[in-house]
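Coordinate analysis (summary)
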Amino acid sequence: MREVKTASRKRKRDVGKVLDNDLRKYLAEIVTNSDDSYRRLKDDTNEVDHQKRIVIEVDKSKKLVSVTDNAEGMDEDDLYENFEEYGADKSGRSEGHKPRGLYGQGASDVLLNCSLHNKAAIIKSIKNEKLFTCKFLWKDEKQWIDPKESKTHVRDIRSSIGIPNNGSVVSFGLPDHVSIPRDLVDQIRKFYMLRFIFNKPNRHVTLVTKTACKTEKTVLHYDFPELTEDKLIIEKGISFSFSGYTITGKLVLYEVESKDEAQYGELKILTYDDEENVYDNTFFGFGDKHPGTENLFGYLQLNGTADIISEKLNQKFPEEILT
C-alpha cells in the first residue's frame, strides 16, 4: 500500500487559479486580511475603533508590491499556525471572528503563486517588541515556509517598514504575466472586492505608486453611486432553500437608461453577505450573458452565507459551493 501524492502541477494550479492574473485580486486578499486583523483587535480588546491605517505600495518599475498595517502582528507561532497547512481553514471563524477573503487561504495563494514564479514573497511582522519574518518558497516541487525571529533590533527597522507598534508588511514581486493597469488608482479604488473597506470612515488606506522618476500618494476612498428613486425597479426581501439551509436576503435593482461610465461604470449587481464578504459583481455572470441587462445595477445581500460556506469547506467531504 502506498500513499497517493498530489502532483506538483495540481498544487501549482491551485495557488494561481483564484487570482486570475489580476493585480487587484492579489491586493484584495492581502488588504482584506489587514482589515480583518483590525476587526479582531477591536473584538478582542474592545478598543475604540478609530481610524486605522493600511498602506499599499506599488513599484511599477520593479513590479514590487507591499501592504502594511499596524494591527495585531504575528510571531513565529502565528506564522506557522496561519500558513503551514495550505488549504486549511485559518479564518478564525471557529474562534468567533468574522473574517472575509478566501477563508484564510487568500494570502497563501498570493505569496505562494509569486514565489512559484521566482519572485520574492515575504512577510515581516512585529509583535511584542520582536521582529519576525516568513519567506514563502517552492523547493523540490513543494511549497515551503520559513518563519523565524529576526536578529535585527526592532528599533532599527520600525521607521523603515512603517510599523510604530505591532503590525505586518506583506511584500511580493508580481509574476511577469500580471500587468499593472495604467489607471491603477481608479482600478483599485473601484474594485468590487474592496469597496466596503474603502467606504469605511475608520479606515485610512493610502496607495503609494513609484516609478523611476516619481512617487505619488493617493488616499483610496469609495462612495457607492447614488441612484434616485425614479430609477428603482425592484426592492424586495428574498428567501430560498439551499442544501437544507434557508437563506434570506434583499435584492435591489435599478435601471439606468443611458449608461454613464463615469458614474455607474463599475456598478453592476454586487453580491455580498451581511458580514461584507463580497462574492461577485456580475450576479455570477448573469449580467454579462443576457442581452438587455447591461443597464441594470443593484445589490444582492445574502444573510448567513459565510457560515454555510465555511461549514461546507470543513465537513468530512468538503464542497466548494461558491460558483
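Use the structure listed above.
Attention here is on the structure that accompanies the text. (Residues numbered from 1 in each chain as written. Predicted model: local features only at pLDDT ≥ 70, side-chain atom pairs only at ≥ 80, totals over all residues. Heavy atoms only, no water.)

In terms of nonpolar packing, the biggest core is built from 57 residues, with Ile56, Ile123, Phe136 and Phe172 touching the most fellow members. In terms of residue count, helix α2 (residues 23-45) provides more of this core than any other element does, 8 residues in total. Contact partners of phenylalanine 136, with chain neighbours within four places excluded, come to Phe83, Leu111, Leu112, Ser115, Ala121, Ile123, Trp144 and Ile145. (Core = buried A, V, L, I, M, F, W, Y, C linked by side-chain atoms within 4.5 Å. Buried < 20%, exposed > 50% of the residue type's maximum accessible area, 1.4 Å probe, protein only. Helix = DSSP H or I, 4+ residues; strand = E, 2+ residues; numbered from the N terminus. Contact = heavy atoms within 4.5 Å.)

Let us now look at a nonpolar patch on the surface. On the surface, Phe283, Phe284 and Phe286 cluster together into a nonpolar patch covering about 240 Å² of accessible area. Mapped onto the fold, phenylalanine 284 is located in the loop between β12 (278-280) and α9 (286-289). Here phenylalanine 284 falls in the partly exposed class, since its relative accessible area comes to 35%. (Patch = residues over 30% accessible without salt bridge, like charges linked within 9 Å, V, L, I, M, F, W, Y side chains within 5 Å. Areas by Shrake-Rupley, 256 points an atom, 1.4 Å probe, with all protein chains shown as cover. Salt bridge = Lys/Arg side-chain N within 4 Å of Asp/Glu carboxyl O.)

Once that is clear, we can look at the pairing of strand β3 (residues 121-127). When you tally the buried positions in β3, you get 5 out of 7 residues, the bulk of the element. In terms of strand pairing, β3 meets strand β6 (residues 167-173) through 6 bridges, oriented antiparallel. From the neighbouring strand, alanine 121 faces β6, where its bridge partner is phenylalanine 172. Here 6 bridges tie β3 to strand β4 (residues 130-139), and the two strands are oriented antiparallel to one another. By the bridge assignment for β4, serine 125 is matched with phenylalanine 132. Hairpin geometry of β3 and β4 is characterised by an intervening segment of 2 residues between the two adjacent antiparallel strands and by a positive phi of about 55° at asparagine 128. (Pairing = 2+ DSSP bridges.)

On to the pattern of salt bridges, then. Under the counting rule described, the total for this entry stands at 15 salt bridges. Aspartate 22 is the salt-bridge partner of arginine 24, the closest N and O atoms lying 2.9 Å from each other. Measuring nitrogen to oxygen at the nearest pair gives 3.1 Å for the salt bridge that ties aspartate 186 to arginine 189. Separated by 3 residues within a single helix, aspartate 186 and arginine 189 lie in helix α6 (residues 184-189), roughly one turn from each other.

The topology assignment puts aspartate 59 in strand β1 (residues 52-59). Here aspartate 59 occupies a buried position and makes no salt bridge, while the nearest side chain of opposite charge, lysine 62, is found at 4.6 Å. A polar atom in the side chain of aspartate 59 sits 3.1 Å from the backbone nitrogen of lysine 62. Residues contacting aspartate 59, with those up to four places away along its chain left out, are Leu64, Ile180 and Lys210. (Lys, Arg positive; Asp, Glu negative; His and termini not counted. Polar contact = N/O pair within 3.5 Å; in protein donor to acceptor, adjacent residues only side chain to side chain.)

Now for the side chain of threonine 133. Secondary-structure assignment places threonine 133 in strand β4. Not counting residues up to four positions away in its chain, the partners in contact with threonine 133 are Leu79, Ile122, Ile123, Lys124, Asp146, Pro147, Lys148 and Ser150.

Right, let's get into the packing of aromatic side chains. A full pass over the atoms with the stated rule returns 7 aromatic pairs. Where tyrosine 222 meets phenylalanine 224, the ring centres are 5.0 Å apart and the plane angle is 90°; that geometry is what we call edge-to-face. Ring centres of phenylalanine 224 and tyrosine 299 lie 6.1 Å apart, and the angle between their planes is 65°; on these two criteria the pair is classed as edge-to-face. Of this pair, phenylalanine 224 sits in the loop between β8 (215-219) and β9 (232-242) while tyrosine 299 sits in strand β13 (residues 296-302), and the two are 75 residues apart along the sequence. By the ring-pair criterion, three or more aromatic residues cluster together here, those being Phe196, Tyr222, Phe224, Tyr272 and Tyr299. (Phe/Tyr/Trp six-rings, centres within 6.5 Å; stacked < 30°, edge-to-face > 60°.)

On the secondary structure map, glutamate 311 appears in helix α10 (residues 305-314). Among the polar contacts listed, one links the side chain of glutamate 311 to the side chain of tyrosine 245, at a separation of 2.7 Å.

Across the sheet, which stays open at both edges, the 5 strands sit in the order β9-β10-β13-β11-β12 with mixed pairing between neighbours. The sheet is open, and its two borders are formed by β9 and β12, each paired with just one other strand. Going from strand to strand, the sheet's axes swing by 20° on average, the running direction of each strand aside. Here strand β11 (residues 269-273) pairs with β12 via 2 bridges, running antiparallel. (Axes fitted to C-alpha atoms, helices over the stretch in contact; angles between N-to-C directions.)

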